[in-house]
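Secondary and tertiary structure notes
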Amino acid sequence: AAEQQLRCIAEVTGGQYTAVSEANELVARLGEVTETLLDWRPPMTLNGSLDPLAAPEFPLSPKADWVTDEPGKIAVGRYTGILMPGETRWYELDIWEAESFWVWGLLEWPPDLEAGGVFETIILDSGGNQVEVPVVHAGIPLQADVSRTESPMTGATVEIPDQGWPVAATYLVGLRWDAPPDVFLGTLSVTVEVLDGNARYLARTNITGALDPGDAPALPLAGLAENGPEWRGGEFRGSLASGETRWYRLDLDRGEAMNVFAVFPGDRFVGEGTEGEFSIVLSDSDGNPVGRAFESSPEMSQTFGNERHQATVSGTTSYDDDPLLETVMIGFQWTGQPGQESEVRFEVETMFDPHRKEMADQIETDAAGGGGEESASTVASSAETTSVVDASGTTDGSRFPVVVLFVAGVVAIGAAVTAFLVKRSSAG
């Protein structure tokens, strides 16, 4: 029982519990703990408000081991404060697009006093609706019976939609000691973990782009099981300072197109009052612009500030008319207050398009076979026509045969008319 209690305390407070039996094992574990401590931050004092309208916001820090920590913790916060019997202490938490969160609470009081009641977590959405989902961890329920343990714990989260990303929202988090009012103070420890609600791809990398496009690092991609081998992708985080443009390189296989979705976290890691414009730039290896915004997030540049705390942009080459595009340069820029630093979070995915590959192969074949610029131009025009048809609603190129049949029909009609005119002229 004591070991289980220590494990729970370590988990809730962001620590680790490890049992060792030999000196060599202890040395090895100490090395691992030392690496973990580099990411640890001591709890800050943050007393919640008794008035929900005056609830302080949870300040969060980026999670350094986001790469390996499942299911993708991207920000954390650890706090300590006070809580008396009969009180509810309120805090505010902003959750942005593609995020979810957990809240854990630990309650302690003077050892020479007896306490009772229930210790629980309450989560309210912007409409005042109670939306918490019970967290059961190591046997700990959402509501903890204070009389049964010296250090009761509670935890809660909100449901993630079955489809799509969680929407941006502001929640009120309340830690309540539901007991008859008394005069002694309890010590409240709170841990908040913000998770990447869209963690899908196997590749998850901390990588900072280059200021010079020529030095841009290549983005490593991995598979996505449910979409099959024709899809690759990855999730990335990198630093970005005001006034900078950070560049990344995405290498495409023949026949591939790409999408990129980016979130600039605004004042989450910088502080209140952060504002500016966040932009994404797509170009080929020669610096020529390519692509456009993706339809589900139809902006490549977004201004934020005041009520808008973040910026979300996108880009795609899915409807680009260049089937020979081999490299896409991805640039992120933030024009904000001088001297501020934050990060950019983005997801990249590539999709294989067989029609795109056929067009690329045909262009190369015509050029090698002496077809010259005219043949290449003809195929490129056909590719452009197909792209327009696809953009109108069929993105898989399935209407391409219709275009071919239409052109063939026009040629056949023209030949028939010519033959008729020649015959009539001869008869005259």
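To keep things clear, this report deals only with the structure shown in the data block. (Residues numbered from 1 in each chain as written. Predicted model: local features only at pLDDT ≥ 70, side-chain atom pairs only at ≥ 80, totals over all residues. Heavy atoms only, no water.)

**With respect to the pattern of salt bridges**
What the rule picks out here adds up to eleven salt bridges. Glu343 serves as the salt-bridge partner of Arg237, at 2.9 Å between the closest nitrogen and oxygen. Separated by 106 residues along the polypeptide, Arg237 in strand β14 (residues 231-241) and Glu343 in strand β21 (residues 341-352) bring together distant segments of the chain. Of the residues examined, Glu343 reaches a relative accessible area of 10% and is grouped as buried. Among the ionic pairs, Arg246 bridges to Glu244, the shortest N-O distance being 3.0 Å. (Salt bridge = Lys/Arg side-chain N within 4 Å of Asp/Glu carboxyl O. Helix = DSSP H or I, 4+ residues; strand = E, 2+ residues; numbered from the N terminus. Buried < 20%, exposed > 50% of the residue type's maximum accessible area, 1.4 Å probe, protein only.)

**What to know about the pairing of β21**
Two faces, one strand: in a regular strand the side chains alternate between the faces of the sheet. For β21, a buried count of ten out of twelve residues is recorded, marking the element as mostly surrounded by other parts of the structure. Bridge analysis of strand β16 (residues 256-264) against β21 gives eight bridges, and the strand direction is antiparallel. Note on β21: the bridge partner recorded for Ala262 is Phe346. (Pairing = 2+ DSSP bridges.)

**A short note on the sheet that holds strand β20 (residues 327-336)**
Taken together, the four strands give an open sheet; going across it, the order is β15-β20-β17-β18, and neighbouring strands pair in antiparallel fashion. Each of the sheet's edge strands pairs with one partner strand only, and the pair in question is β15 (245-251) and β18 (301-304). Neighbour-to-neighbour, the strand axes of this sheet turn through a mean angle of 15 degrees, independent of strand direction. Direction of pairing for strand β17 (residues 276-283) relative to β20: antiparallel, over a ladder of eight bridges. Across the sheet, residue Gly276 finds its bridge partner in β20, namely Gly336. (Axes fitted to C-alpha atoms, helices over the stretch in contact; angles between N-to-C directions.)

**Overview of the nonpolar core**
Formed by 33 residues in total, the largest nonpolar core has its most connected members in Phe58, Trp177 and Val192. Secondary structure elements with two or more residues in this core: β3 (73-83), β4 (88-95), β5 (99-108), β6 (118-124), β10 (169-178) and β11 (186-196). If near-sequence neighbours (up to four positions away) are discounted, Phe58 is found in contact with Leu46, Tyr79, Tyr91, Glu92, Leu93, Val173, Val190 and Val192. Formed by 27 residues, the second largest nonpolar core is a distinct cluster that contains Phe236, Phe278, Leu282 and Val328. (Core = buried A, V, L, I, M, F, W, Y, C linked by side-chain atoms within 4.5 Å. Contact = heavy atoms within 4.5 Å.)

**Quick look at the packing of aromatic side chains**
Describing an aromatic ring pair means giving the distance of the ring centres and the angle of the ring planes. Summed over the entire model, instances satisfying the criterion amount to 15 aromatic pairs. Between the aromatic rings of Phe101 and Tyr171, the centroid separation amounts to 5.4 Å while the plane-to-plane angle is 50 degrees, which identifies the pairing as tilted. One end of the pair, Phe101, is in strand β5; the other, Tyr171, is in strand β10, with 70 residues separating them in the sequence. A residue is classified by how much of its surface remains accessible, and Phe101, at 0% relative accessible area, is buried. Of the aromatic side chains, those joined through ring pairs into one cluster are Phe236, Tyr248, Phe264, Phe278, Phe304, Phe332, Trp334 and Phe346. (Phe/Tyr/Trp six-rings, centres within 6.5 Å; stacked < 30°, edge-to-face > 60°.)

**What to know about the side chain of Thr316**
In this structure, Thr316 sits in strand β19 (residues 311-316). Non-local contacts of Thr316, meaning those with residues more than four positions away in its chain, are made with Met258, Asn259, Leu282, Gly291, Arg292, Ala293 and Phe294.

**Concerning helix α4 (residues 354-368)**
With 15 residues, α4 should cover 21 Å at 1.5 Å per step; its first-to-last C-alpha distance of 21 Å lies within 8% of that length. Here α4 has its buried residues at His355, Arg356, Met359, Ala360, Ile363 and Asp366. All buried residues of α4 project into a common sector of 140 degrees when viewed along the axis, lining one side. Looking at α4, the residues exposed on the side facing more than 90 degrees away from the buried face are Thr365 and Ala368. (Expected span 1.5 Å × (residues − 1). Arc of directions from axis to C-beta.)

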